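Descriptive structure summary
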Amino acid sequence: MAKTKLEREIEQKPQGHLIAMCDQRDLDHTGDREALIARLVEWENAQSEEPEPEPEPKAEPEPETSPEEE
């Protein structure tokens, strides 16, 4: 299976950078380079697959009643 651009970019990073990237994403930072790379690629792919949350509709303000209407 061909490697993605992301995988190639991550593989170029030094071990310390891979560990820091895992820490920043709250991922387990233990293991060898291959484990760190696999974890980071899996995380990045999961992020790109998640749909963007839809913005919540704004609540319309209730119309004010004038004293004449009461």
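Refer to the structure above for everything that follows.
Only a predicted model underlies this, so the values are computations on that prediction, with no experimental measurement involved.

Things to note about the overall build of the protein
Within the protein one finds three helices and zero strands. Within the span of the protein, comprising 70 residues, buried residues form 14% of the whole. In the protein, once contacts between residues fewer than 6 apart in sequence are set aside, the share between residues at least 24 apart is 18%. For the protein, the computed accessible surface area is about 6200 Å², with 50% contributed by carbon and sulfur atoms.

Quick look at unusual backbone geometry
Even without being glycine, Asp26 reaches a positive phi, approximately 55°. For Asp26, the position within the fold is in the loop between helix H2 (15–24) and helix H3 (33–49).

Quick word on the packing of H2 against H3
The contact between H2 and H3 brings their axes to 10 Å, and the two run at 40°. Taken together, H2 and H3 sit at an angle that is classed as oblique. Judged by the sense of rotation from one axis to the other, the crossing of H2 with H3 is left-handed. Residues Gln15, Leu18, Ile19, Met21 and Cys22 of H2 form the contact with H3, whose participating residues are Arg33, Leu36, Ile37 and Leu40.

Focus: the pattern of salt bridges
This model, assessed by the stated rule, comprises two salt bridges. Residues Lys5 and Glu9 are paired through a salt bridge, measuring 3.9 Å at the closest nitrogen-oxygen approach. Taken as a pair, Lys5 and Glu9 lie in helix H1 (residues 5–11) at a separation of four residues, close to a single helical turn.

Each value, and the rule that gives it
- Residues numbered from 1 in each chain as written.
- Predicted model: local features only at pLDDT ≥ 70, side-chain atom pairs only at ≥ 80, totals over all residues.
- Heavy atoms only, no water.
- Helix = DSSP H or I, 4+ residues; strand = E, 2+ residues; numbered from the N terminus.
- Buried < 20%, exposed > 50% of the residue type's maximum accessible area, 1.4 Å probe, protein only.
- Contact = heavy atoms within 4.5 Å.
- Areas by Shrake-Rupley, 256 points an atom, 1.4 Å probe, with all protein chains shown as cover.
- Axes fitted to C-alpha atoms, helices over the stretch in contact; angles between N-to-C directions.
- Parallel < 35°, antiparallel > 145°, perpendicular 65-115°, else oblique.
- Left-handed = near helix turned anticlockwise from the far one by under 90°.
- Salt bridge = Lys/Arg side-chain N within 4 Å of Asp/Glu carboxyl O.

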